Amino acid sequence: MRGILSLVVSQIAMFMTAAQSLQNGTNVVDFLGRALQKEVQAVKQPIDESIAFIGSSQCKHVKKLLGVSYEQLQESEPDLNGLTIVYRSKLVTAIINMTYVVEALQARSSEGAQELVLFAHGFTDDPSKDSFGNISEAYLGNGHSRVVALDGSSLIRWLYLRASTYVRFIGERIGHVLAAMVQHGQDPKKIHLVGHSLGAHIAGFIGKTFYNLTGSRIGRITGLDPAGPCFTHVDPDLRLKESDADFVDVIHTDSGVYGIKEAVGHADYYPNGGSQQPSCVFQTCSHSYAWRLYGASVTRPRAFPAVKCNSWEEFKKGRCGNEISYMGLAAEPSARGKFYLQTSGDYPFTLGEEGLKYKNNDGIVKNIQDTLFG
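Residues numbered from 1 in each chain as written. Predicted model: local features only at pLDDT ≥ 70, side-chain atom pairs only at ≥ 80, totals over all residues. Heavy atoms only, no water.

Student: Hey, could you run me through the sheet that holds strand β1 (residues 84-88) in this one?
Tutor: Strands pair in a sheet through their backbones, by hydrogen bonds, and they do so in one of two ways: parallel or antiparallel. Judged by pairing direction, the sheet is mixed, and its eleven strands sit side by side in the order β2-β1-β4-β3-β5-β6-β7-β8-β11-β9-β10 without closing on themselves. On the outer flanks of this sheet lie β2 (93-97) and β10 (324-326), each paired with one strand and no other. Across the sheet, the mean angle separating the axes of adjacent strands is 25° when strand polarity is ignored. Bridge count for β1 against strand β4 (residues 147-151) is five bridges, and the pairing is antiparallel. From the neighbouring strand, Y87 faces β4, where its bridge partner is V148. Packing of helix α10 (residues 283-299) onto the sheet brings it into contact with β5 (191-196), β6 (218-224), β7 (245-251) and β8 (267-271), and relative to β5 it is tilted by some 150°. (Pairing = 2+ DSSP bridges. Helix = DSSP H or I, 4+ residues; strand = E, 2+ residues; numbered from the N terminus. Axes fitted to C-alpha atoms, helices over the stretch in contact; angles between N-to-C directions. Contact = heavy atoms within 4.5 Å.)

Right, dumping it as structure tokens:
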């Protein structure tokens, strides 16, 4: 009890010191709001993780009861004709029907061996929203001539249990499309799939299908907070896994709730521990934080150095080695293991090398939790 009281006193003192240091013109309301956010986060996170775990553990059985398992839906495969590809360059944005996508992308490519970046969105999302807007603008502003996105919103906009099954059908279809593009000259090593949430698992199924059809692996898959519900503690063949591409890197920002907590790639990055992102109260904010960080990494490739470490707790104690890898676009294909860093809550989010050393920004409630439960 004495230790807890001491901790509370020190946290209050830290809060008061920070408040007193605010200069004229500083937004005091914003400062106090962020302090309150941390306390709300600390209370919500364990509850949200518990609910997510219970729901995910029962997912397989509930799907069968509702008739939406993969095996059941195979009998009447979903209509994939509504899938489209959104092509974006500095000059034009075009929507391409799946029937013509191979020829259209090849015709629009300024060079046959050009890198193809394909973004796959998550549940309730689509390419007209901020996720693809942010990432495509970053790529186009960084010298890329084209970025494309899968629009699977006709199938994964509603009913999560059904949508989480549809990702396999969608991935298999796009896998066939990319395999056909290889026959038209596309280099497999220059295909980079970037998927957020359900889109990360779509990318995984694309990679699996592509390999089965061509015998070659896609060059790279970047998973942005891959969806956790219905994909946690399942057979790796039923989610994104490291063998789906030559290099699979993953950014975890809402692990344990909307995002998967397991390390599923060659290199898995856990900014701020992989959950409870700065300036976020609700899980949707932390879940979206992954594509915001990735977009920032495209414009500033070496903005997010991360250190290889066994766990977040080891990172907090400074018990990591010296191996550094950059999170995001600049992640090296040779990187292996788990990497940790801290970021800012405001764009461009980078703390540079300062993010390699833990700084306790947690609120009073979170620090008490850590003291009691370790």
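Don't stop here, the text continues.
Student: Sorry if this is basic, but what is going on with the pattern of salt bridges here?
Tutor: Side chains that differ in charge, positive against negative, can pair when their charged atoms come close. Tallying each qualifying case throughout the model produces ten salt bridges. The partner of K316 in a salt bridge is E313, with the nearest N and O atoms 3.7 Å apart. Taken together, the positions of K316 and E313, both in helix α11 (residues 312-316) and three residues apart, correspond to about one turn of that helix. One network of salt bridges, with partners in common, ties together D126, K129 and R157. (Salt bridge = Lys/Arg side-chain N within 4 Å of Asp/Glu carboxyl O.)

Student: Just to check I follow, could you spell out the packing of helix α3 (residues 59-66) against helix α8 (residues 160-183) for this structure?
Tutor: When two helices pack together, their arrangement is given by the angle between the helix axes and the distance between those axes. Running from N to C, α3 and α8 point in directions that differ by 100°, and their axes come no closer than 10 Å. With respect to α8, the axis of α3 lies roughly perpendicular. Contacts between α3 and α8 involve C59, V62, K63 and L66 from the first element and L161, S164 and T165 from the second. Here the residues of the contact of α3 with α8 sort into four nonpolar, two polar and one charged. (Parallel < 35°, antiparallel > 145°, perpendicular 65-115°, else oblique. Nonpolar A, V, L, I, M, F, W, Y, C, P; charged D, E, K, R; others polar.)

Student: Could you clarify how one ought to interpret the pairing of strand β9 (residues 305-308) in this entry?
Tutor: The side chains of a regular strand alternate, residue by residue, between the two faces of the sheet. Across three bridges, the pairing between β9 and β10 is antiparallel. Looking at the pairing, P305 lines up with Y326 of β10. Examined bridge by bridge, β9 and strand β11 (residues 337-341) share two bridges and lie antiparallel to one another. Looking across to β11, one finds that K308 is bridged to F339.

Student: Help me understand the pairing of β5, please; the structure alone is not making it clear to me.
Tutor: Among the six residues of β5, six are classified as buried, and the element is accordingly described as predominantly covered. On β5, burial covers both faces: I191, L193 and G195 on one face and H192, V194 and H196 on the other are all buried. As judged from the five bridges shared by strand β3 (residues 116-120) and β5, these two strands associate in the parallel manner. Counted as the bridge partner of F119 is V194 from β5. Bridging between β5 and β6 involves five bridges; their strand directions are parallel. Among the inter-strand pairings, G195 is bridged to a residue of β6, identified as G223. Assessed by its sense of winding, the connection that carries the chain from β5 through helix α9 (residues 198-214) to β6 is right-handed. (Buried < 20%, exposed > 50% of the residue type's maximum accessible area, 1.4 Å probe, protein only. Right-handed = clockwise from strand over helix to strand, strands pointing away.)

Student: Sorry if this is basic, but what is going on with α9 here?
Tutor: In an α-helix, one turn spans 3.6 residues, which is why side chains three or four residues apart end up on the same side. Spanning 17 residues, α9 covers 24 Å between terminal C-alpha atoms, matching the ideal 24 Å at 1.5 Å per step. Of all 17 residues that make up α9, 13 are buried, and the element is covered over most of its length. (Expected span 1.5 Å × (residues − 1).)

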